[in-house]
Amino acid sequence: MCGIVGYIGEREAIPVLIKGLEHLEYRGYDSAGIACLGARSSKFFVAKEKGKLSELKAQLNGVPSNIHLGIGHTRWATHGQPSRANAHPHLGQNGVIALVHNGIIENYAELRAELERHGHKFKSQTDTEVAAHLVERYYHGNLQEAIQKAIQRMTGFFAFVVISRDDPSRLFACKRSNPLVVGVGHGENFIASDISALLPYTKQVIYLEDDELIELRCDAVTVFDLQTGTRIKKSVSRINWNVEKAQKGGYKHFMLKEIYEQPEVVRNTLEARVKKGKIVFDSLTQKWIHRLKQIDKIHFVSCGTAYHAGLVGNYMLGESLRLPSEATVSSEFRYEDPAVDEDDLVVLITQSGETADTLAALREAKARGALTLAIVNVVGSTIAREADAVLYTHAGPEIGVASTKAYLAQLMIIALFSIFIGEIHPARKKDFTQAKARTLLKELSRLPRQIEETLRDEKRVEVCARALREKKNFIYLGRGYNYPTALEGALKLKEITYAHAHGYAAGEMKHGPIALIDQTQPVICIAPSTSKTYEKMVSNIEEIRARKGIVISVTTRGDENVRSLSKYTFSIPETQEMLSPILAVVPLQLLAYKIAVLNQRDVDQPRNLAKSVTVE
Ligand code: AGP
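For clarity, every value in this text was computed on a predicted model and none was experimentally measured. (Residues numbered from 1 in each chain as written. Predicted model: local features only at pLDDT ≥ 70, side-chain atom pairs only at ≥ 80, totals over all residues. Heavy atoms only, no water.)

A.B. asks: Please explain the overall build of the protein as it appears in this structure.
C.D. replies: The helix and strand inventory of the protein stands at 19 helices and 27 strands. Relative to the 2.2 N^0.38 estimate, which gives 25 Å for 616 residues, the radius of gyration of the protein is 26 Å and therefore close to what a compact globule would have. Viewed in the frame of its principal axes, the protein has a C-alpha envelope of about 75 × 55 × 45 Å. For the protein, the accessible area works out to roughly 23,700 Å², and carbon and sulfur atoms hold 47% of it. Each charge class in the protein was averaged separately, 79 positive and 71 negative side chains, and the resulting centres sit 3 Å apart. (Helix = DSSP H or I, 4+ residues; strand = E, 2+ residues; numbered from the N terminus. Rg over C-alpha atoms; globule rule 2.2 N^0.38 Å. Areas by Shrake-Rupley, 256 points an atom, 1.4 Å probe, with all protein chains shown as cover. Lys, Arg positive; Asp, Glu negative; His and termini not counted. Charge placed at Lys NZ, Arg CZ, Asp CG, Glu CD.)

A.B. asks: Sorry, what's going on with helix H3 (residues 108-117) here?
C.D. replies: Because an α-helix completes one turn every 3.6 residues, residues spaced three or four positions apart along the sequence face the same direction. Three or more residues of H3 are buried, namely Leu-111, Arg-112, Glu-114 and Leu-115. Around the axis of H3, the buried residues are gathered within 160° of arc, so they sit on the same side. Exposed side chains of H3 directed beyond 90 degrees from the buried face belong to Glu-110 and Arg-117. Where H3 is buried, its residues contact strand E6 (97-105), helix H4 (127-138) and helix H5 (143-153). (Buried < 20%, exposed > 50% of the residue type's maximum accessible area, 1.4 Å probe, protein only. Arc of directions from axis to C-beta. Contact = heavy atoms within 4.5 Å.)

A.B. asks: Can you walk me through the site of the ligand in this structure?
C.D. replies: Neighbouring the ligand are 14 residues, the closest being Thr-350, Gln-351, Ser-352, Thr-355 and Glu-495. The contact in question runs from an oxygen atom of the ligand to an N or O atom on the side chain of Thr-350, over 2.7 Å. Contact with the protein chains removes 91% of the 410 Å² of surface that the ligand exposes when unbound. The element contributing the most residues to the shell around the ligand is helix H9 (residues 304-321), with three residues. Of the residues that constitute the shell around the ligand, the class distribution is five nonpolar, seven polar and two charged. (Near = heavy atom within 4 Å. Polar contact = N/O pair within 3.5 Å; in protein donor to acceptor, adjacent residues only side chain to side chain. Nonpolar A, V, L, I, M, F, W, Y, C, P; charged D, E, K, R; others polar.)

A.B. asks: Sorry, what's going on with the side chain of Thr-382 here?
C.D. replies: Tracing the sequence through the fold places Thr-382 in helix H12 (residues 382-386). For Thr-382, a relative accessible area of 2% puts it in the buried group. If near-sequence neighbours (up to four positions away) are discounted, Thr-382 is found in contact with Ser-177, Gly-353, Glu-354, Leu-359 and Arg-363.

A.B. asks: I tried to follow the pattern of salt bridges on my own but got confused; where do I start?
C.D. replies: Side chains that carry opposite charge are capable of pairing whenever their charged atoms lie near each other. Scanning the entire structure with this criterion turns up 34 salt bridges. With a shortest N-O distance of 3.9 Å, Glu-542 and Arg-545 are connected by a salt bridge. Of this pair, Glu-542 and Arg-545 both sit in helix H17 (residues 534-546), separated by three residues, roughly a single helical turn. A relative accessible area of 39% means that Glu-542 is categorised as partly exposed. Under the relative-accessibility criterion, Arg-545 is labelled partly exposed at 40%. (Salt bridge = Lys/Arg side-chain N within 4 Å of Asp/Glu carboxyl O.)

A.B. asks: What should I look at first to understand the domain arrangement of the protein in this one?
C.D. replies: Frequently, the measure chosen for interface size is the accessible area removed from exposure when the parts meet. Each assigned domain of the protein is listed with its residue range as follows: domain 1 (3-243), domain 2 (248-453) and domain 3 (456-598). With centres defined by C-alpha atoms, the gap from domain 1 to domain 3 works out at 46 Å. (Domains from an automatic or database assignment.)

A.B. asks: Can you walk me through unusual backbone geometry in this structure?
C.D. replies: When glycine is set aside, most residues are seen to have a negative phi, and most peptide bonds are trans. Note the cis peptide between His-88 and Pro-89, where omega equals 0°. On the secondary structure map, Pro-89 appears in the loop between strand E4 (67-75) and strand E5 (90-91). Residues other than glycine seldom take positive phi values, yet Asp-211 does so here, at roughly 60°. Relative to the elements of secondary structure, Asp-211 occurs in the loop between strand E11 (204-207) and strand E12 (212-217). Notably, Lys-548 is not glycine yet its phi reads approximately 65°, a positive angle. You can see Lys-548 is positioned in the loop between H17 and strand E26 (550-556).

A.B. asks: Sorry if this is basic, but what is going on with the sheet that holds strand E8 (residues 171-176) here?
C.D. replies: Within a beta sheet, neighbouring strands are joined by backbone hydrogen bonds and run either parallel or antiparallel to one another. Read across the sheet, seven strands follow the order E5-E6-E7-E8-E12-E13-E14 without closing on themselves; strand pairing throughout is antiparallel. Two strands in the sheet have a free side with no partner beyond their single neighbour: E5 and strand E14 (231-232). Pairing between E12 and strand E13 (residues 220-225): six bridges, direction antiparallel. Paired with Glu-215 across the bridge in E13 is Thr-222. Each of E5, E6 and strand E7 (156-164) is contacted by H4, which is oriented at about 130° to E6, the strand it contacts most. (Pairing = 2+ DSSP bridges. Axes fitted to C-alpha atoms, helices over the stretch in contact; angles between N-to-C directions.)

A.B. asks: What should I look at first to understand the packing of H3 against H4 in this one?
C.D. replies: Axis angle and axis distance: for two packed helices, these are the angle between their axes and the distance between the axes, and together they describe the pair. Following both chains from N to C, one finds H3 and H4 inclined at 50°, their axes separated by 9 Å at the closest point. The orientation of H3 with respect to H4, classified from their angle, is oblique. Here H3 and H4 pass one another in a crossing that is left-handed. Contacts from Tyr-108, Leu-111, Arg-112 and Leu-115 of H3 reach H4 at Asp-127, Val-130, His-133, Leu-134 and Arg-137. When its residues are assigned to classes, the contact of H3 with H4 shows five nonpolar, one polar and three charged. (Parallel < 35°, antiparallel > 145°, perpendicular 65-115°, else oblique. Left-handed = near helix turned anticlockwise from the far one by under 90°.)

A.B. asks: Honestly, H5 in this entry has me stumped. Any pointers?
C.D. replies: Taken residue by residue, H5 has Leu-143, Gln-144, Ala-146, Ile-147, Gln-148, Ala-150 and Ile-151 as its buried positions. Looking at the packing, one finds that the buried side of H5 touches E6, H4, E7, E8, E12 and E13. Of the residues flanking the start of H5, the one acting as N-cap is Asn-142, its side-chain oxygen 3.2 Å from the backbone nitrogen of Gln-144.

A.B. asks: Would you take a moment to explain the environment of Ile-191 for this structure?
C.D. replies: Looking at where Ile-191 falls in the secondary structure, it is placed in strand E10 (residues 188-192). Judged by relative accessible area, which is 0%, Ile-191 ranks as buried. Along the sequence, Ile-191 and Asp-166 sit 25 residues apart, while their C-alpha atoms lie 20 Å from each other. When residues no more than four places from it in sequence are discounted, the contact partners of Ile-191 are Ile-4, Val-5, Gly-6, Val-161, Leu-171, Ala-173, Leu-180, Val-181, Val-182, Leu-198, Leu-208 and Leu-216.

A.B. asks: Looking at this structure, I do not really get the packing of aromatic side chains. What am I missing?
C.D. replies: Both the distance between ring centres and the angle between the ring planes are used here to describe each pair of aromatic rings. For the structure shown, the criterion picks out eight aromatic pairs. Aromatic side chains Phe-281 and Phe-417 sit 6.2 Å apart centroid to centroid with 55° between the ring planes, which places their arrangement in the tilted category. Highlighted residues: Phe-281 in the loop between strand E17 (278-279) and helix H8 (286-292) and Phe-417 in helix H13 (residues 405-424), separated in sequence by 136 residues. Here Phe-281 matches Phe-417 in class, with each residue buried. Taken together, the ring pairs in this structure connect Tyr-7, Phe-190 and Tyr-201 into an aromatic cluster. Cation over ring: Arg-607 sits above Tyr-498, and NZ or CZ is 3.9 Å from the ring centre. (Phe/Tyr/Trp six-rings, centres within 6.5 Å; stacked < 30°, edge-to-face > 60°. Lys NZ or Arg CZ within 6 Å of the ring centre and 35° of its normal.)

Below is the structure:
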């Protein structure tokens, strides 16, 4: 998804912009560009290129120096193909204004037609170029005013950073729905769509809200209301992510590093949330908890991997607590006229905290009076700020586009939250006792070591991956708590290997997918022995064997029965069924990773995917 960087200060701007864009590469992009202005230039220096940042950098040999103002962008195509012409920044008709943009201007076609009637000529197919022309049309020496007037004409959502060739002493930015963060330095200031781009330079940040307009100078940051122009007082926050954390740390890919960080992520979650045998959610106020106790139904709303976490949550609440719950993908929830009101809790699960559909679902839920809770990884993200309450997953920055450690962190928080509800909610299942909560907490505390043990099977997974690397179709089967694990295993494989994979509730096999099974078909069966449907999974495995399918099983260590029925087995340590998805997904992440590497896929930035899907 698109990334924005802006800089003003004493350093050479171009290397600062390039480094910032490198830190945004993980978001996924198809082209990149910069526009800069020297102190005495009368013209922007602009460089843009399709493809990776290395293509852009190749254009920067021998560029002018003494440039201290600039904007940069990584683009993920929405309007128009990935190309140099469509890459940002875009300039106005006479090259007076340069801007970068994240988001979509919904009425760009009519604005473009209007500008064309006034003689404007466009070089790209983008909505962003229309915005550059519009700002320039309204510009008569006052950039702030021009931006405000142009925004009044646009519908949609955006984050803009704008500079004028008339004034190298400042940069303007504004936002609606799309994120922007200011990085505060000494004698210099930064702006970016994502904290990662600021990490090399500063840990002091100002989070911007919708409809704010920002003026950045070397030594000042001023925030205004976008509509009225009145000044807004903002506070500076300190972030504790460091640059090393966002680097590969010796692993070949971010994804592998993140898979191996999972024991630490789970340990950190437990340390932060379980104190003296009690679950502690500091961010939940007494007032919020009071409302939670009156809730009749819980809805998990999320996308992709986070949706699978919601499905696991649905089993946790439904099965363990007997509380009515439902998991829905955000894009359905927002348009289905959801049956939620003030008696419902809507839990939004999101790694990025910026996913457009999940944000819209949150706003829909709030509009209907529901109590909302966000389970988010990125601190200060839009969803975290807009929900009534937030539980951060604190998995650290997740750079690999395919989510791994954030998923485990989401499952951990959902498991803790379920136990927490079990302890306080009057309508919980009768047999959900303090003793049961204690047992679950004890089992949770064993998970970090158990994940480490599971990771020791990497070599075994590699053997299986070598055997299956050329397969084009995979089936994943699971039941109950591990039906979502089947979906997640299949999603991981699709995302990074580009092979087709389909996850099913194993009981559905005989209602159709069984037709696919022959001696060439790999079927991954998730069959932990602590599951109450274990015998049923064994029957599914037998059915696959009867049709000569290739059985790959995930089962509990020591289960010789399933091992003997499988061509390849990945074993996980024994845990409560409710917690088994936290272990069972780990070998499936590794399997997808290994097959992708063997097939030389771009593991961390798979084609067509973006880390943070901020458009619909
Ligand atoms: C995960 O591997 C995917 N890249 C994707 O499905 C992701 O989980 C989804 O887009 C939701 O993102 P979010 O957690 O940032 O909301």
